[in-house]
Each structure stands twice: as structure tokens, then as C-alpha cells.
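Descriptive analysis of the structure
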Amino acid sequence: MATQQPLPAPTSMRLDSTNIQGDILSGLPKKTEIFYFFRITNDEDFRRRFRNFAPLVKSVDQVAKDRDEIQEHKRKDERLGTKPHLIPLVGVNIAFSHLGFKELKIDDTKLIDTAFLRGQRLDAANLGDKGTGSGDNFVPDWEPAFKEEIHGVILVAGDSHTSVNKQLWQIEEIFGDSIYKVTAVRGDARPGDLSAHEHFGYLDGVSNPAIIGFDKNPLPGPAPINPGNIIVGQEGDASKADRAPWMFDGSFLVFRYLFQKVPEFDDFVDKNALKVPGLTHKEGADLLGARLVGRWKSGAPIDLTPFQDDAELGGDPKRNNNFSFAAERDFQKLCPFASHIRKTFPRADFEEAGIPTESHRIMRRGIQFGPEVTRQEKKEKKTMHGRGLLFACYQSSITNSFQLLQQGWANNAAFPFTEKTPQVPGLDAIIGQGPGRQLSGIDPNNPATELVLTQDWVIPRGGEYFFSPSIKSLKDTIALSA
Ligand code: HEM
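Residues numbered from 1 in each chain as written. Predicted model: local features only at pLDDT ≥ 70, side-chain atom pairs only at ≥ 80, totals over all residues. Heavy atoms only, no water.

Comments concerning the overall build of the protein chain
Heads up, the condition is: Working definition: helices are DSSP H or I runs of at least four residues, strands are E runs of at least two. Numbering for both runs from the N terminus. As defined in this context, the radius of gyration uses C-alpha atoms, and a globule is described by 2.2 Å times the residue total to the power 0.38. When a residue's accessible area, from a 1.4 Å probe over protein chains only, is under 20% of the maximum for its type it is buried; when over 50% it is exposed; and in between it is partly exposed. Note on contacts: a residue pair qualifies if any of its non-hydrogen atoms lie within 4.5 Å across the two residues. Note on areas: these come from Shrake-Rupley sampling with a 1.4 Å probe, and a residue is covered only by the protein chains present in the view. The sign given to each residue is positive for Lys and Arg and negative for Asp and Glu; His and the chain ends receive no count. Here the site of a charge means atom NZ of a Lys, CZ of an Arg, CG of an Asp or CD of a Glu.
If you tally the helices and strands in the protein chain, you get 15 helices and 13 strands. Expected size for 482 residues packed as a compact globule is a radius of gyration near 23 Å; at 22 Å, the protein chain falls within 12% of this value. Once the C-alpha set of the protein chain is aligned to its principal axes, its extents read approximately 75 × 60 × 55 Å. Taking all 482 residues of the protein chain together, 55% fall into the buried category. Long-range pairs, those at least 24 residues apart, make up 72% of the contacts in the protein chain between residues at least 6 apart in sequence. Accessible surface for the protein chain amounts to roughly 21,000 Å². Of this, 52% is attributable to carbon and sulfur atoms. Each charge sign in the protein chain was given a centre, from 59 positive and 64 negative side chains, and these centres are 3 Å apart.

Focus on the packing of aromatic side chains
Cut-off, in case you're wondering: Note on aromatic contacts: the rings of Phe and Tyr and the six-membered ring of Trp form a pair at centre separations within 6.5 Å, being stacked when their planes are under 30 degrees apart, edge-to-face when over 60 apart, and tilted otherwise.
Inspection of the entire model under this criterion finds 35 aromatic pairs. Taking 5.1 Å as the distance between ring centres and 75 degrees as the angle between the ring planes, the aromatic pair formed by F37 and F146 counts as edge-to-face. Placement of the pair is F37 in strand 1 (residues 32-40) and F146 in the loop between strand 4 (139-140) and strand 5 (152-158), with a sequence separation of 109 residues. The pair formed by F37 and F146 is uniform in burial state, with each residue classed as buried.

Overview of the coordination of the iron atom of the ligand
Condition: Coordinating donors are taken to be N, O and S atoms lying within 2.8 Å of the metal, or within 3.2 Å when the metal is Na, K or Ca; because water is excluded from the atom set, some sites may appear incomplete.
No other protein atom reaches the iron atom of the ligand as a donor apart from H340 (NE2), found 2.1 Å away. Within the secondary structure layout, H340 lies in helix 11 (residues 340-344).

So, the layout of surface pockets
Threshold: For cavity detection a 1 Å grid was placed over the protein atoms alone, and a set of points counts as a cavity when a 1.4 Å probe fits there but cannot get out; an open set counts as a pocket when protein lies on both sides within 12 Å along at least five of seven lines, with lining residues being those that have an atom within 4 Å of a point. Grid points are joined across faces, edges and corners, and a volume is the space filled by probe spheres set on the points. Delimitation of the domains relies on an automatic or database domain assignment.
Roughly 520 Å³ of internal volume is contained in the second largest pocket. Along its surface, the second largest pocket is lined by 25 residues, and F200, V262, D266, K297 and K378 are the ones closest to its centre. The element best represented in the lining of the second largest pocket is helix 8 (residues 262-271), accounting for 7 residues. There are two domains that each give the lining of the second largest pocket at least three residues, and those are domain 1 (11-258 + 463-478) and domain 2 (261-360 + 406-460).

Looking at the environment of P220
When you line up the elements, P220 lands in the loop between strand 6 (179-188) and strand 7 (251-260). Residue classification places P220 among the partly exposed positions, given a relative accessible area of 23%.

Focus: the domain arrangement of the protein chain
The following threshold applies: Summed over both partners, the accessible surface that disappears when two parts come together, traced with a 1.4 Å probe, is what is meant by buried area. For this document, the term salt bridge refers to a Lys or Arg side-chain nitrogen within 4 Å of an Asp or Glu carboxyl oxygen.
Each domain of the protein chain was delimited in the assignment, giving domain 1 (11-258 + 463-478) and domain 2 (261-360 + 406-460). Here domain 1 and domain 2 have C-alpha centroids that lie 29 Å from each other. At the junction of the two partners, domain 1 supplies 26 residues and domain 2 supplies 31 residues. Taking both sides of the interface into account, the surface hidden between domain 1 and domain 2 amounts to around 2,300 Å²; carbon and sulfur atoms contribute 59%. When the buried surface of domain 1 facing domain 2 is broken down by residue, F200, Y202 and P220 rank first, second and third, together holding 31% of it. At the junction of domain 1 and domain 2, the tally comes to 1 salt bridge. Of the charged contacts in the structure, one is a salt bridge between D456 and K130, with a shortest N-O distance of 2.7 Å.

Notes on the packing of helix 8 against helix 9 (residues 281-293)
Put simply, the rule is: All axes here are fitted lines through C-alpha atoms, helices being fitted over the stretch that makes contact, and every angle between N-to-C directions spans 0 to 180 degrees. Throughout this description, any angle smaller than 35 degrees is read as roughly parallel, any larger than 145 degrees as roughly antiparallel, any in the 65 to 115 degree range as roughly perpendicular, and the remainder as oblique. Whether a crossing is left-handed or right-handed is set by the direction in which the near helix is turned from the far one by less than a right angle, anticlockwise for left-handed and clockwise for right-handed. Side-chain classes are defined by residue name, with Ala, Val, Leu, Ile, Met, Phe, Trp, Tyr, Cys and Pro counting as nonpolar, Asp, Glu, Lys and Arg as charged, and the others, Gly among them, as polar.
Between helix 8 and helix 9, the least distance of the axes is 8 Å, while the angle of their chain directions is 120 degrees. In terms of axis orientation, helix 8 runs oblique to helix 9. Here helix 8 and helix 9 pass one another in a crossing that is right-handed. The residues of helix 9 that touch helix 8, namely those facing F265, F268, V269 and D270, are H281, A285, L288, G289 and L292. Of the residues in the contact of helix 8 with helix 9, the class split is 6 nonpolar, 2 polar and 1 charged.

Section: the side chain of T383
What counts is decided by this rule: Pairs of N or O atoms within 3.5 Å make up the polar contacts considered here, provided that, within protein, one atom can donate a hydrogen while the other can accept it, and that residues adjacent in sequence are counted only when both atoms are side-chain atoms.
Its location among the elements puts T383 in the loop between helix 13 (375-380) and strand 10 (388-395). Only 2.7 Å separates the side chain of T383 from the side chain of E264, close enough to count as a polar contact. Each residue touching T383, except ones within four places of it in the same chain, is listed here: Q260, K261, V262, P263, E264 and E377.

Brief notes about the site of the ligand
Worth spelling out the cut-off: Being near a molecule or strand, for a residue, means having at least one of its heavy atoms within 4 Å of it.
Close to the ligand lie 26 residues, the nearest being V206, S207, H340, R347 and R364. In this structure, R364 approaches the ligand through a side-chain N or O atom, which is 2.6 Å from an oxygen atom. Listed by contribution, the elements that provide at least two residues to the shell around the ligand are strand 7, helix 11, strand 10 and helix 14 (402-410). Here the shell around the ligand is composed, by residue class, of 15 nonpolar, 6 polar and 5 charged.

Considerations on unusual backbone geometry
Across the junction of F415 and P416, the peptide omega takes the value -5 degrees, indicating a cis bond. Counting through the fold element by element, P416 comes out in the loop between helix 14 and strand 11 (438-439). Even without a glycine there, the phi angle at I112 is positive, about 65 degrees. One can find I112 in the loop between helix 4 (98-103) and helix 5 (114-118). One non-glycine residue, R347, lies in positive phi territory at about 45 degrees. Tracing the backbone shows R347 in the loop between helix 11 and helix 12 (348-351). In this structure R347 comes out as buried when scored by relative accessible area, which is 4%.

Re the confidence of the model for the protein chain
Atom-level detail of predicted coordinates should not be read off regions where pLDDT is low. Formally: Summary of the metric used: pLDDT quantifies the predictor's per-residue confidence within the range 0 to 100.
The pLDDT averaged across the protein chain works out to 93; a share of 96% of its residues lies at or above 70. A low-confidence stretch, residues 1-11 stays under pLDDT 50, and its non-local contacts, those more than four residues away or across chains, total 16 contacts.

So this is what it looks like as C-alpha cells:
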């Protein structure tokens, strides 16, 4: 399938980047980030104090300026031949849960989304999280703090712990006793060359949707999508006509606290290394890992380079997302249906069947947490220190995006429903939860051979659903007017 190239956006579709919170479309620049989960203890006091907090929240426009400043600084270091160093910069965003809006006595029913209105704790069983009990009495195996009532989350991202901590102290001072800290989790980019790689070792943050009316020069790859798939009230938001005006230019934020069992993943990949003529044991192990994810560690998609990594391709944004799992070339030979990236964005599997994908896209903004794997963990092939991904993503409908991706696609062994293969694909190899952890298509030369995954490597330990209002709504709807 030929890659669709974007058309220029009609002027009516231009977004107001001064009104949308920065993390949503630009991604707050983050070497480190704190997600600060709070409960409101006094709504009037909170809303009064919010007047002093609102100016700290960065818009897409301000984040774009920060990014320009970072680039300019990098160029200056290169010009002068000085050792690269980061400039002190922080970005703050905020989002509220349904219980938060309820506490503030703000009617959020027109946000419509049933997952959001119920909250993630009541959705945990649907998502496949482990726990005890059933129905509304299901208790997920989460960290205790995430089982408490959470009203909102403040995101503070920046260049260093010092900058972020300083900003957070100021915020705590602004809110005083009007909020109670439920918990705070810190994410840190991995060190050195691994900074953009998640803990299993794969380059992350490669494929996010380009937005019509925002991305001026979209990279080659999947066609840009209408902004309303991410931004509420914009063109493409299926519930646009039913939204209340204060919801416009906001977006739903899904947070998931995902622990990763890295030594166990590495051990499995090593023990089950694919036996392909011409490849060493280590290359066979790397190939298996790449076929579970759909990309090599460098970010190179296996759809384009099926038998060996190609670091140049992986690091080239003009090429590393320009593929589509086109049917005429692929019978799980290039990329297994159960690989993480094919499960969560099936590209041509949908498009060739005439099924649009854009209403299911998400804008991912996560960050890693926890230390590097220690020598002892490597030796014992066992996780001894908590590490993983603070998964965060934005969308205009949780039910149609995150929830569907996790519950309907990743946890569904029969997905993608396709005539292309006689084999059952199996669950998403990385995030799939539930019975059916055997995958087809993993051995490129014998797609019918099934590989049984002996354990889960991604363990959810908490999360919540939020809504990030526009900058204008923070000032006019959340803050109490003077
Ligand atoms: C610890 C858990 C996870 C890990 C290690 C992980 C890792 C990755 C990696 C390495 C990529 C490929 C690089 C890229 O395109 O950015 C990726 C892509 C992606 N992931 Fe995850 N991920 C995790 C959780 C999730 C969850 C919970 C979801 C949603 C339910 C998700 C949805 C996606 C999507 C939509 C893509 C892009 C697919 C594409 O456009 O090609 N991921 N992930």
C-alpha cells in the first residue's frame, strides 16, 4: 500500500495552540517527570488558589518555544565545541478525574465517555488487570494509593530533579491545605544513548499520529488524522455536537503505572531464540524480541527489515515509520499479527478492509521509571527492583481508543480479524493480558508454529482516567473568578 501523503489543512481547521495544554500535542520536554496525584480537600479554597496556579500551565505554543530554545542551545554547544548540557526548563500541565470534577461541582456528563465517568479502578477487570472479586467489587492488584480516590494529577516535567522539585514545591505552596497528596511517581529517561528507549531496550515514541492543522511537515508514514481524534470539540470528534463549550480543546489523559520484568523478558528471548539459517544464537534471540515488538531495538520496523536490525533506518524519522503491513507482501512472514505495534495500530490490516483507524489513535507521552538492570538481576534472571513505564496517552475518547486497544485488541487473541491468516494471532506479545498467551506467526518460516509465553512481562500496578481542560477553561471554569 502506498503511503498517503497529507493534504494541506483547510484554514478552518487550524488549531489554537495557545489554548491546548502543551503535553497533548507537543509533549513536555522531559528528562524527568513527576506525576503528582491529589485529592481536593476544600473545593472553594482550591478554586481560589487555582488562580495563582493556572499561569504555570504551559500551552502547546509555549512548549514549542521551549523546544526551539533547547534546539538553539544544542546548536550553540556544537558551534562552540562545548560539552552539551541541558538548560533548566520545566513544564507544568494538569488534568482532573471524574471524581475531581464532581468534587468541584462541575457537570462533566457531556464528556460522555463511560470509561472516564466510571474511572479506571472500575475498569481494571475489563482491562485484564489481575485482582480479586468480580463486577464492581473487583479489587485490582494495584499499589494501595491507586485504589484510593484521586481527583487530579499535576504533571511536572523538566531537565533535572532540581528544576522539577523546585517547581513542585512552589505548586504545593500555592495549593496549601486545599489538596492532599495521594501519591507522586517519578519517571526518568534512561541514561546516555538509551534515553529514548524503554526498559526492554526498544526505541519508544517513534509512531504518534500527525495532526491535520497542527503538524506543518508531517513525516512519511501513516496519513495525518483529524485533530478531533485527540482534541475534544475539534473536527473529527464524534461527540463534538454534544460537548459543553468548556470541554473544547481539552483531551482525555490515560495514566497507567506499568512495571516491566526485564531480566525475565531477556531470559525468555534468549531461551527461545529463533533458529533461522545464517543467524547466530544471539541474532536469533534479537530476532525473536523484534518479532514480539514489531521493531528492532534501534526502532527499525521489521516490516522493512525482517531479518536484521538496521540502526540507520531505525534512527531516521523520514523512513522509520513509513510502512504499512501491506497484505500482498505479508502473511505474518514480515510481522506477526501479535507483535505489539501491529496489535495496537494494525495499519493496512484495517485500511485494506476499508476500516478507518484514525478514531482509535492515541498520542503517547510516557516516560520510563526505575533503575537500570543490576548485575545481580542479570545473573539471577530475576527482577529485584521496580522499573517500567509511566504510560500516558491522550485521545478524545477513551472507550474508542485506549480502552479498545487494551481490551478489544491487545487482550483479544483473534484480533486483527482478518482473512489473511488461517492462524489465531494470539494476545499482544508485550501488553496482552488474559488467557491465550500463545502466539502464531513468530517463526517467519513457520507461521503456524505457536510460541507459548510463560509469563507476563508487563504488570499494571495502578492508573486513572483524567481530562485535561483547555487553558481558557482552567482560568474560566476551574479557577474561581476574583
Ligand atoms: C510497558 C509497556 C509498554 C511497552 C514496553 C511498550 C513499548 C512500545 C514500543 C517499543 C513501541 C514501538 C515504538 C513506537 O512506535 O513508539 C510501542 C508503540 C506503541 N505502543 Fe506501546 N508499549 C507499552 C504499553 C503500551 C500500552 C499500554 C498501549 C496502549 C494500550 C500501547 C500502545 C502503543 C501504540 C499505539 C504504539 C504505536 C504503534 C504504531 O503506531 O505503530 N503501548 N510501544
